[in-house]
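# Observations on chain architecture
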Amino acid sequence: MKPMKPLKKSISITLDEPILEKIQVLAERYDRSVSSCINVILRDYLENPDNARRLPLP
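Reference entry: report on the structure contained in this document.

## Observations concerning a nonpolar patch on the surface
Taken together, the side chains of I11, I13, L15 and I19 present a nonpolar region at the surface, about 370 Å² in accessible area. Inspection of the secondary structure puts L15 in the segment before α1 (17-29).

Structural data, given as structure tokens:
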């Protein structure tokens with residue numbers, strides 16, 4: 001039996017141009033898609049509980 005791939009959902013987001021440019025550089029450097037890089041960055045951020053205090057929430 002093949003291992004199951006993680007469930008993924010396609011979304012649309014708007015990014016500031018400088019942020020997108022930095023992610024595109026990372027994607028090219030590591031031979032990954034922009035989507036994959038964003039996923040890794042968000043997963044890493046969200047798995048660190050200390051980051052919750054950094055969110056600019058009202």
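## A closer look at the environment of P3
Relative to the helices and strands, P3 resides in the segment before α1. By relative accessible area, which is 73% here, P3 ends up exposed. Spatially, the C-alpha atoms of P3 and Y30 are 25 Å apart, while their sequence positions differ by 27 residues.

What counts as what
- Residues numbered from 1 in each chain as written.
- Predicted model: local features only at pLDDT ≥ 70, side-chain atom pairs only at ≥ 80, totals over all residues.
- Heavy atoms only, no water.
- Patch = residues over 30% accessible without salt bridge, like charges linked within 9 Å, V, L, I, M, F, W, Y side chains within 5 Å.
- Areas by Shrake-Rupley, 256 points an atom, 1.4 Å probe, with all protein chains shown as cover.
- Salt bridge = Lys/Arg side-chain N within 4 Å of Asp/Glu carboxyl O.
- Helix = DSSP H or I, 4+ residues; strand = E, 2+ residues; numbered from the N terminus.
- Buried < 20%, exposed > 50% of the residue type's maximum accessible area, 1.4 Å probe, protein only.

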